[in-house]
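Here's the letter readout for the chains.
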Amino acid sequence: MSQGTDSQTATSRTGTSRAGASVDGWTFEGYEMVVGLEVHVELATATKLFSGSPNRFGDEPNTNIDPVTLGLPGALPVLNRRAVELAMKLGLALNCTVRRSTFARKNYFYPDMPKAYQISQYDEPICVDGWLDLPGGIRVGIERAHLEEDTGKSTHLGGSGGRIHGSDYSLIDFNRAGVPLVEIVSRPDIRTPDQARAYVAELRSILVAVGASDAKMEEGSMRVDANVSVRRPGAEFGTRCEIKNLNSVRSVGRAIEYEAQRQVGMLDAGEAIRQETRHWDENDGRTHTLRSKEDADDYRYFQEPDLVVVDPDPAWIERVRASLPVLPAVRRDRLAEATGQPSDAEAVLVVTDRGQDDYVLAVAAAGGDAGRALVHVKEAFAEQGARPSVPAGDLAALTTMEGNGALTATQAKQVLAELVAAGGGDPEAIAAAKGFEAMDTGELERMVDDAIAAQPDAWAKFCGGEGKAMGALVGAVMKASKGQADGKAVTRLLESRRTAG
Amino acid sequence: MAGTDSTTHDADGRGLPTAAVDIAWNVRNGVISAVDVIERHLGEIERREGEVHAFNLVLGDQARARAAEIDTGVAAGDDMGPLAGVPVALKDNMCTRGIPTTCSSKILDGWTPPYDATVVSRLHDAGAVVIGKTNLDEFAMGSSTENSAFGATRNPHDTSRVPGGSSGGSAAAVAAGFAPLSLGSDTGGSIRQPAALCGVVGVKPTYGAVSRLGLVAFASSLDQIGPFANDVADAALLLEAISGHDPGDSTSIAGGPLHVGNELDWGVTGLRVGRITDLPAGASADVVARLEESFDALRDAGAEIVDVEVPAFTYGLSAYYLIAPAEASSNLARYDGVRFGLRVEAPDTNAMYAATRTAGFGAEVKRRIMLGTYALSAGYYDAYYGRALKVRRRIAADFAAAYERADVLLTPASPTVAFHLGDKTSDPMSMYLCDTYTIPSNLTGDPGMSVPFGTGDDGLPVGIQVLAPALQEGVMFRTAAELERRAPR
């Protein structure tokens, strides 16, 4: 996994946990929001859903194409078995039932839709009736997860630009056309922007964990549409609007919050909500009408006659189930238990997302302090992958030294930095080389007393309740100890001296 | 060519055999030259193509070059395959790499496929020589080969008459001696009906027996490629060469090629031949008379004639004219002017689609796109397309019941002998009725073939259709071979 991906993960996770997938409902002027999410993910297959062209992001336009991709006359689709398997895998990870499924044609004209129909599972999707548990304890139902092909990508140029209407010309890149997608449709169980963000983040973790997708929202391999309505708590569902163009976890939260407030405003003004598709504009922070329900296309779905039924036999399903890795929620619980943290603690979320939870457990198994290891890994291993270069035993030794007072927290950080830089080492030797020796308490007390004696004014102010004055005293001790003193221990000593008066 | 008794494989005046099996044997074994064979057929084309117009494109140079390659291979001791040096004409809805494929439509103007259809690759591997691309009703929609952007094909037996359709060019090419073999496609009778009208053998194999990869789709669940030939043995030879599983077509049946050739002489003793007592009316008296004689002939040959009922047979036409246009409306949506073929420029994208499709498609294609779009529309799906699917299942059940009692069924392939050009062009319904007897086997996926059996009014050929259950081509060919041996002379 690239570093970029890791930092992206960390960012989205931090955003999520800062918000917290709160159990408390979001309410606005007495209304609650009802949200269901439709998430499209590109599957991490080598080739496209119905042809042998590479499924690869970022290549020169129109290089990963063939007669099937372009919808040339006479071309026929052949289903990619690996795509089916990945869809089964993510469905099973989402607690879905894998079932007999068929493909249909969704007919509509658009220049980047080569055949003028999209092959998509319609009334018989491969995965149905699952759920996803959010780290905060909320369960969101999964209605279905179905396979379909992606479209090409249009770029509209000249004129007013950007959109097809008003531009002078358009360019189409068919590299993306036919890339396998799974659309994961949640039930309308989400009630707050935080839950929506947590759902997307958790879904992303699962997709990456099972290897179904790299799920990079910034590259479009994971795309989110939100169905949003509002209601008085306990009332019937309101009329919903579908929000498109949600390109980050952050915009998912912002958009549904804006949209719910917009709908509440309309209802309070006595206006009816119209069912429509709306576009999220990241720049102005609003949603705008794309098309109303009356303008919606009639897709004239019918079963795709060029493909046959996909009916995975129980043995195949069980093989796929057996191949599932331990899922993020279980890993978080395991890590939480070992470290004594809640399973939605930020460090637990971040470290598990980086896949470093096993490493922390290995440190514990090597006799280390799991709690301290978790903090060190979260803080110092952001650039490392699931297999950090520092041997678990070395980090275990470090946490042990910390635990029995041989190293202060400040010293431990310095030793850890050496370990990371050198890819391991003996913490005791490093500490010794740095001259970090456990300071005996008597020596530290003497330094504190010396500092008080040297700065009577500061001591008087500190005793008079001026907290700021403590800084000068602590600073003097740190200077005298050449930075070796434990700041917290110094503070404790100063306070006990003051109390003793 | 018509009237030539090809079963005796007489050589013509220049000492070359006319039957495909004989050409292939002799070329393969170095007895005759593939180049001579191709020159002889190009000569026939030169002589009569002007009045018949079987071809959209004659591939003279490519065919000569390929024939020379075959001869060189044979001289070098290579086995050039079971169709070595045999000229084959292709319906112009099968993709040929680097050679235009038009579907007899203006909408594909300027388009050249970058790949070969699977049948084309298999023909090549079998040593065949593609001699040209034959005319058809636009996108295979029609029963007379008059709906072509490039003009009508005429029946070699009487050029004031149609050859049938939609594979009229391929049927006429064989009947006129332009090629001993050709390929057509059959969605509702488009091989069997023109075979009957042109007095040649035409076979629609079991759905999935021949790959559709590279066949430009009309109605995907009904389309099937099959052979035309002057006799049953030649048709068997071609079918064996093109059939068998293709991983590139998901609806292709697992397993190797069909083996039908070795059963041709087995006869029909003990075979149960079904007469459909509730067959839809509409066949003319001459055709009905030949059908009766065909039962007599098979009874004389030792078959047992049994009466069967296929009550839903009569609903086939109605179901077909919902299902086929529905699929066509989707299959033909890709001709939008964006990526290939004709584009008529217009101020915006939607106007460009409309202008391109208005200019590019002929009237019958437009009619079927509109019919199919309507049948699939919200609010109408259940009443039309959904209902038609139920009828389709019902027809399949009725045929399955009939095949409990009979091994094969006989019907006319066409209600009449060849009609005159222009007779039915102003009345689409009368044209659709041409396929009354052939449509059900497309709906069920079962095989069917037309074999010449005497003549009807004005001395024109009559074809008898032999129907069989899925993958029972062997018994179907056996029956057809017996009818061929006992056909009125």
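Residues numbered from 1 in each chain as written. Chains lettered and ligands numbered in written order. Predicted model: local features only at pLDDT ≥ 70, side-chain atom pairs only at ≥ 80, totals over all residues.

**Here we look at the overall build of chain A**
Here is the rule: Each helix corresponds to a stretch of at least 4 residues labelled H or I by DSSP, and each strand to a stretch of at least 2 residues labelled E; elements are numbered beginning at the N terminus. Exposure classes come from backbone-placed C-beta atoms, where a residue is buried if 20 or more other C-beta atoms lie within 10 Å of its own, exposed if 12 or fewer do, and partly exposed in between.
Summing up its helical and strand segments, chain A has 17 helices and 15 strands in all. Overall size of chain A, expressed as C-alpha extent along the three principal axes, is 90 × 55 × 45 Å. Within chain A, buried positions represent 46% of all 501 residues.

**Quick notes on the sheet that holds strand S6 (residues 225–229) of chain B**
All names here are of chain B. Quick note on the threshold: What makes two strands pair is DSSP finding at least two bridges between them. Note on geometry: axes are C-alpha line fits, over the in-contact stretch for helices, and angles between N-to-C directions span 0 to 180 degrees. Working definition of a contact: two residues with C-beta atoms, positioned from the backbone, lying within 7 Å.
Strand order in the open sheet formed by 11 strands is S1-S3-S2-S4-S6-S5-S10-S11-S9-S7-S8, and the pairing between neighbours is mixed. Both outer strands of the open sheet, strand S1 (55–58) and strand S8 (304–308), are each paired with one neighbouring strand and no more. The mean inter-strand angle of the sheet, taken between neighbouring strand axes irrespective of direction, is 30°. For strand S7 (residues 272–276) and S8, the ladder comprises 5 bridges, and the chain directions are parallel. Pairing of Arg275 across the sheet is with Asp307, part of S8. Its contacts with the sheet place helix H2 (residues 34–52) against S1, strand S2 (87–91) and strand S3 (129–134), and it is angled at close to 20° to S3.

**Considering the domain arrangement of chain A**
Accessible area lost upon the coming together of the parts is a frequently used measure of interface size. Residue and element names in this part refer to chain A. As a reminder, the rule being used: Each domain's extent is set by a domain assignment, obtained either automatically or from a database. Classes in brief: Ala, Val, Leu, Ile, Met, Phe, Trp, Tyr, Cys and Pro nonpolar; Asp, Glu, Lys and Arg charged; the others, Gly included, polar.
Here the domain parsing of chain A yields domain 1 (35–322), domain 2 (328–433) and domain 3 (441–500). Here the C-alpha centroids of domain 1 and domain 2 sit 38 Å apart. If you look at the interface, domain 1 gives 7 residues, while domain 2 gives 7 residues. Take the side of domain 1 that touches domain 2: its biggest share by element is 4 residues, from helix H4 (residues 193–210). Looking at the side of domain 1 that touches domain 2, its residues break down into 3 nonpolar, 2 polar and 2 charged.

**Remarks on the interface of chain B and chain A**
Each partner contributes residues to the interface: chain B has 33 residues there, and chain A has 26 residues. Mapped by element, the contributors of at least two residues to the side of chain B that touches chain A are helix H9 (316–331), helix H10 (349–360) and helix H11 (363–376) of chain B. If one sorts the elements of the side of chain B that touches chain A by residue count, H9(B) sits on top with 3 residues. Taken together, the residues of the side of chain B that touches chain A break down into 17 nonpolar, 10 polar and 6 charged.

**What to know about the pairing of strand S7 (residues 139–149) of chain A**
Residue and element names in this part refer to chain A. Counting buried positions along S7 gives 8 out of 11 residues, so the element sits mostly inside the fold. In this sheet, S7 lies alongside strand S6 (residues 127–133) in antiparallel orientation, the contact comprising 6 bridges. The residue bridging Val128 from the neighbouring strand is Arg144, located in S7. Once S6 ends, the chain turns through 5 residues before running back antiparallel as S7, passing Gly137 with a positive phi of about 110°. Taken together, the 7 bridges between S7 and strand S10 (residues 180–186) define a ladder with antiparallel strand orientation. Its bridge partner lying in S10, Arg144 is registered against Val185.

**Here's the deal with the environment of Pro257(B)**
Looking at the secondary structure, you find Pro257(B) in the loop between helix H7 (232–242) and S7. Those residues in contact with Pro257(B) that sit more than four places away from it in its chain are Glu240(B), Ser243(B) and Gly244(B).

**Notes on H7(B)**
All names here are of chain B. The element H7 is largely enclosed, with a buried count of 11 among its 11 residues. Those residues of H7 that sit buried are Val232, Ala233, Asp234, Ala235, Ala236, Leu237, Leu238, Leu239, Glu240, Ala241 and Ile242. Positive backbone phi, at 110°, marks Gly244, one or two positions downstream of H7.

**Section: the nonpolar core**
Nonpolar side chains tend toward joint burial in soluble globular proteins. Definition in use: Put simply, a nonpolar core is buried Ala, Val, Leu, Ile, Met, Phe, Trp, Tyr and Cys residues tied into one set by C-beta atoms within 7 Å.
In this structure, Ala87(A), Ala226(A), Val88(B) and Val129(B) are the most contacted members of the largest nonpolar core, which totals 240 residues. By residue number, the principal contributor to this core is H4(A), which donates 11 residues.

**What to know about the confidence of the model for chain A**
Put simply, the rule is: Per-residue confidence from the prediction method is given by pLDDT, with values spanning 0 to 100.
In this model, chain A carries a mean pLDDT of 89, and residues with pLDDT of at least 70 account for 94%. Taken together, the stretch residues 1–23 of chain A has pLDDT below 50 and engages in 47 contacts with residues farther than four places along the chain or on a different chain.

**Observations regarding the packing of H9(B) against helix H12 (residues 382–405) of chain B**
A packed helix pair is summarised by two numbers, namely the angle formed by the two axes and the spacing between the axes. Residue and element names in this part refer to chain B. Put simply, the rule reads: Orientation is classified from the angle alone, with under 35 degrees giving roughly parallel, over 145 giving roughly antiparallel, 65 to 115 giving roughly perpendicular, and any other angle giving oblique. For any pair of crossing helices, the crossing counts as left-handed if the nearer helix is rotated counterclockwise from the farther one by less than a right angle, and right-handed if it is rotated clockwise.
At their nearest, the axes of H9 and H12 sit 9 Å apart, and the two run at 125° to each other. Of the possible angle classes, the one that applies to H9 and H12 is oblique. The two elements H9 and H12 cross, and the hand of that crossing is left-handed. Contacts between H9 and H12 involve Gly316, Ala319, Leu322, Ile323 and Ala326 from the first element and Tyr384, Tyr385, Ala388, Val391, Arg392 and Ile395 from the second.

**A word on helix H17 (residues 487–500) of chain A**
Residue and element names in this part refer to chain A. The cut-off we apply is this: For a helix, the expected span equals 1.5 Å multiplied by the residue count minus one. Think of the arc as the fan of directions from the helix axis to the C-beta atoms.
Here H17 spans 20 Å end to end across 14 residues, near enough to the 20 Å set by a 1.5 Å rise per residue. Of the residues making up H17, those classed as buried are Val490, Leu493 and Leu494. Buried residues in H17, looked at end-on, bunch into an arc of 100°, giving them a common side. Opposite its buried face, H17 presents the exposed residues Lys488, Arg492, Glu495, Ser496 and Thr499, each directed more than 90 degrees away.

**What about the pairing of S2(B)?**
Residues and elements named next belong to chain B. As a reminder, the rule being used: The definition of a right-handed crossover adopted here requires that, viewed with the strands pointing away, the path from the first strand over the helix to the second runs clockwise.
When you tally the buried positions in S2, you get 5 out of 5 residues, the bulk of the element. Burial along S2 is two-sided: the face carrying Pro87, Ala89 and Lys91 and the face carrying Val88 and Leu90 are both buried. Pairing of S2 with S3, which is carried by 5 bridges, proceeds in the parallel orientation. Across the sheet, residue Lys91 finds its bridge partner in S3, namely Thr134. In this view, the connection linking S2 to its parallel neighbour S3 by way of helix H4 (residues 118–125) has right-handed handedness.

**Re unusual backbone geometry**
A cis amide bond links Gly165(B) with the next residue in sequence, Ser166(B), at an omega value of 10°. Relative to the assigned elements, Ser166(B) resides in the loop between S3 and helix H5 (168–175). Here the phi dihedral of Asn245(A) falls at roughly 70°; this positive angle occurs in a residue that is not glycine. The topology assignment puts Asn245(A) in strand S12 (residues 241–246). Phi is positive for Asp458(B), which is not a glycine, with a value near 60°.

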